[in-house]
Number of protein chains: 2
Amino acid sequence: MTFTAAHAAPLAFDASSQADIDFAGGRGEPPPATVALRGTHEIVLALRHAGSRRVRIAWELQGAVDAPLLIVQGGISAHRHAAASARFAEPGWWAGQCGETRALDTARYRVLAIDWLGADGALDCCIDPADQADAIAAVLDTLAIARAHAYIGASYGAMVGLQFAARHPARLGRLIAISGAHRSHPQTTALRVIQRRIVALGRSEGTAREALALARALAVVGYRSAEEFDARFAALPAVDADSARFGVEDYFDAIGPRFVARFSPVAYTRLSESIDLQQVDPASITVPTDLVAVTQDQIVPCSDIDALALGIAAACRVHRIDSLYGHDAFLKEPVQIDRVLRAALRGDAA
Amino acid sequence: MTFTAAHAAPLAFDASSQADIDFAGGRGEPPPATVALRGTHEIVLALRHAGSRRVRIAWELQGAVDAPLLIVQGGISAHRHAAASARFAEPGWWAGQCGETRALDTARYRVLAIDWLGADGALDCCIDPADQADAIAAVLDTLAIARAHAYIGASYGAMVGLQFAARHPARLGRLIAISGAHRSHPQTTALRVIQRRIVALGRSEGTAREALALARALAVVGYRSAEEFDARFAALPAVDADSARFGVEDYFDAIGPRFVARFSPVAYTRLSESIDLQQVDPASITVPTDLVAVTQDQIVPCSDIDALALGIAAACRVHRIDSLYGHDAFLKEPVQIDRVLRAALRGDAA
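Each chain carries its own residue numbering, running from 1 in the written order of its sequence. A letter from A marks each chain and a number from 1 marks each ligand, given out in the order of writing. Reporting of local features is limited, given that this is a predicted model, to residues whose pLDDT is at least 70; pairs of side-chain atoms are given and counted only at 80 or more, and all residues count toward the totals for whole chains, interfaces and linings. Computation of side-chain values covers all heavy atoms of the structure but excludes hydrogens and water.

Under the annotation held in an unreviewed UniProt entry, chain A carries the name Homoserine O-acetyltransferase and is attributed to Chiayiivirga flava.

What follows is the structure in structure tokens.
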């Protein structure tokens, strides 16, 4: 048991992060075998496009005390709470992969995740994926953690992982990047440009919620496969003289408001834009890497992941999986993703 | 030379179609070898979803007098003017395929085309592709043409061609359907639902032009291939602290206003919706058929065209072509389309 002042001290001296940090044990008691901490602190971060800005970074650290660290990051709508713990018991966004007995086993590892810069809507400027990587490095500094055993990222989190590996190679043992590449494909960028313009149309006219819901619907079409749409929404429409309603519309009307309740137009716009700002030279990646490509992914084509793999200047394996869920496979294919993660963390072939 | 009263008479007695019909020769002169006529007439048409409505149908007929008739129809933004003639000299929308010496040779055939029902924005109700087929049949009645040698349609025009073949088999010798199927694929319907909701967002808020331009941009993303987007728009964005501008945005800003100048929000909404209303039982098609499928088509998957081909209850050939232009191949691949059309009209294998 080595949950020591070496970890706690930097937090204790960071006034802005005091508020919601809560140690599982009191000072006088034996330290626990696992820990779940949350912190928020302000730092000045040199952003790639927008100069130095004071930003707030909210993080969560959980798992086996003093165990090897995993950094775990998901899509733009993911957050710092990847898995439930005794202290923070609400379900995490990656419950299938993260937690005790899962591939990202909190009984064997510590898991660190942050809320994305910009997710709170307070940072209304161009946010590069490189900025997110630097924010994670700043949290490692605060927690006095020199090096992560592995970074596991999916979607936008995979893009940021590539940035982290390129910018902070000494702090990372292995990168596992699922359904994310060194660039955004130009056709996907085109669709995201339209999503942001929909939001802008709504913001200028006072229909912000409706517009954001519609932008989300367009995003979601790309997250699944054409085959899944066919299987779910091929029912005949309801048609009368004046209007027609198609099977997919119930789905759109359900997901839009859920998203609007969680995301502001500014946050959505800036994180969507950030995806399109992704630019990493594959040759700048010098840590062992596992890439996961989903054959049916409509927004991150396998050809981009293959090109990335060819360029990486370290040992690199590509795990290709098939899924009707396309880009969302990391959320919807727990068995396949579990197998890949365990193999990657062991350093085996999958 | 048999340009006779049998053709002219029905027109002469249709008061509503007099205005812009113009015969190439005067009554006392020898009739010309080719003719170019335009007419508009009102009829009462029983629409599939909206009951009987008085509609205006604008048509153009050109080509060799008394020659076999070709019906030629394109996408929702195409119109009755497929090719230039001496009388109507402006370029047609299918100049690469229609006109003297082209596959659809106006020296050997007569070519008939209509403006789509709904294209003028005056018919604000659910318009089924079957209604368009019936409108074409009504024009044949007016022109006293019993039977067409072939119907050649692309995109929405192909869908309407399938309806025409199913509903009016005695009036058709052969169907050539390019990049259109017996149904809309549910994922493409999802994207068109979003396009129509964008337009509705603009209509409710007074930004109709901007919204229509944005809906058009979304449509166009599906008309080409991912490879073409990559080739054209992979340039790095221009980024500063507050905003990023991506390569595709110049393109969007060019095409949107051009479309808005030609299309009303109502016309766009109703014709887009009509695409999604397509439902034809393949077994109801009993005329010889040629189908053209483009491997890279992102909105009409080859799998749908293959399924259609399997179901058609007549001789049916599928011509598969490759094109970076995806769904737009019928406009952008003149050599490949020419070869297919000539083979199909001859009845040969392509």
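Observations regarding the relation of the copies chain B and chain A
Here the copies are matched by least squares. The fit uses the C-alpha atoms of residues with pLDDT of at least 70 in both. Once chain B is rotated about the relating axis by 180 degrees and shifted along it by 0.0 Å, it coincides with chain A to within an RMSD of 0.0 Å. What the superposition gives is, in effect, a two-fold axis relating one chain to the other. Contacts were defined at the residue level, with two residues in contact if any of their heavy atoms lie within 4.5 Å. The fraction of interface residues of chain B whose copies in chain A are also interface residues reaches 98%, indicating that both copies meet through the same surface.

What to know about the sheet that holds strand S3 (residues 69–73) of chain B
Residue and element names in this part refer to chain B. The criterion for strand pairing is that DSSP finds at least two bridges linking the strands in question. Helix and strand labels come from DSSP, where a helix needs a run of H or I of at least four residues and a strand needs a run of E of at least two; each type is numbered from the N terminus. In space, the eight strands of this open sheet follow the order S1-S2-S4-S3-S5-S6-S9-S10, with mixed pairing throughout. Each of the sheet's edge strands pairs with one partner strand only, and the pair in question is strand S1 (34–47) and strand S10 (316–321). Averaged over neighbouring strand pairs, the angle between their axes works out to 20 degrees when direction is ignored. Sheet analysis places strand S5 (residues 150–154) next to strand S6 (residues 175–178), joined by four bridges and oriented parallel. Directly across from Gly153, in S6, lies its bridge partner Ala177. Geometry is summarised by axes, namely lines fitted to C-alpha atoms with helices restricted to the contacting stretch, and by angles between N-to-C directions that run from 0 to 180 degrees. The sheet contacts of helix H3 (residues 156–167) involve S3, S5 and S6, and relative to S5 the element is tilted by about 145 degrees.

So, the UniProt feature "active site" (unreviewed entry) in chain A
All names here are of chain A. Sites flagged by UniProt as "active site" (unreviewed entry) map to Ser155, Asp297 and His327. Over a stretch of 173 residues, the named residues converge on one spot in the fold, their C-alpha atoms separated by at most 10.7 Å. Looking at the element boundaries, Ser155 is found in the loop between strand S5 (150–154) and helix H3 (156–167). Not counting residues within four places of it along the chain, the set of residues in contact with Ser155 comprises Gly75, Ile178, Ser179, Gly180, His327 and Phe330. UniProt positions are given in the numbering used here, feature names are shortened, and annotations may be inferred rather than shown by experiment.

A look at the sheet that holds S5 of chain A
All names here are of chain A. Read from one edge of the open sheet, eight strands run S1-S2-S4-S3-S5-S6-S9-S10, paired in mixed fashion. Strand pairing shows two members of the sheet lacking a second neighbour, strand S1 (34–47) and strand S10 (316–321), which therefore form its edges. This sheet shows a mean twist of 20 degrees between the axes of neighbouring strands, independent of strand direction. In terms of strand pairing, strand S2 (residues 51–64) meets strand S4 (residues 110–114) through five bridges, oriented antiparallel. Across the sheet, residue Gln62 finds its bridge partner in S4, namely Val111. Against the sheet, H3 engages strand S3 (69–73), S5 and strand S6 (175–178), with an angle of about 145 degrees to S5. Here helix H9 (residues 302–311) sits on the sheet and contacts strand S9 (289–294) and S10; the angle it forms with S9, its principal contact strand, is near 165 degrees.

With respect to the packing of aromatic side chains
Residue and element names in this part refer to chain A. The pairing test for Phe, Tyr and Trp rings, Trp by its six-membered ring, is centres within 6.5 Å, and the orientation test on the planes gives stacked under 30 degrees, edge-to-face over 60, and tilted for anything in between. Scanning the model with the defined rule gives 20 aromatic pairs over all chains in all. Taken together, a centroid distance of 5.3 Å and an interplanar angle of 35 degrees make the contact between Phe233 and Tyr251 tilted. Placement of the pair is Phe233 in helix H6 (residues 226–233) and Tyr251 in helix H7 (residues 248–262), with a sequence separation of 18 residues. Exposed residues in this analysis have more than 50% of their type's maximum accessible area, buried residues have under 20%, and partly exposed residues fall in between, with area computed by a 1.4 Å probe over protein chains only. Using a relative accessible area of 11% as the deciding quantity, one classes Phe233 as buried. For Tyr251, a relative accessible area of 15% corresponds to the buried category.

Comments concerning the interface of chain B and chain A
For an interface, size is often stated in terms of accessible area lost upon the parts coming together. Across the boundary between the two partners, chain B contributes 54 residues, which contact 53 residues of chain A. Two parts placed together each lose some accessible area under a 1.4 Å probe, and adding up what both lose gives the buried area. Both faces considered, chain B and chain A share a buried interface measuring about 4200 Å² in area, 66% of it formed by carbon and sulfur atoms. On the chain B side of the interface with chain A, the three residues burying the most area are Gln187, Arg197 and Leu201 of chain B, jointly 16% of the side's total. For this document, the term salt bridge refers to a Lys or Arg side-chain nitrogen within 4 Å of an Asp or Glu carboxyl oxygen. Inspection of the chain B/chain A interface yields six salt bridges. When the shortest N-O distance is used, the salt bridge between Glu249 of chain A and Arg197 of chain B registers 2.9 Å. Any pair of N or O atoms that falls within 3.5 Å is considered a polar contact. Within protein, one atom must be able to donate a hydrogen and the other to accept it, and sequence-neighbouring residues count only if both atoms are side-chain atoms. There are 14 residue pairs in polar contact (both at pLDDT 80 or more) connecting chain B and chain A. At the level of secondary structure, the elements contributing two or more residues to the side of chain B that touches chain A comprise helix H4 (186–205), helix H5 (208–223), helix H6 (226–233), strand S8 (244–245), helix H7 (248–260) and helix H8 (265–276) of chain B. In terms of residue count, H4 of chain B provides more of the side of chain B that touches chain A than any other element does, 12 residues in total. The nonpolar class holds Ala, Val, Leu, Ile, Met, Phe, Trp, Tyr, Cys and Pro. Asp, Glu, Lys and Arg form the charged class, and all remaining residues, Gly among them, are polar. Split into classes, the residues belonging to the side of chain B that touches chain A amount to 28 nonpolar, nine polar and 17 charged.

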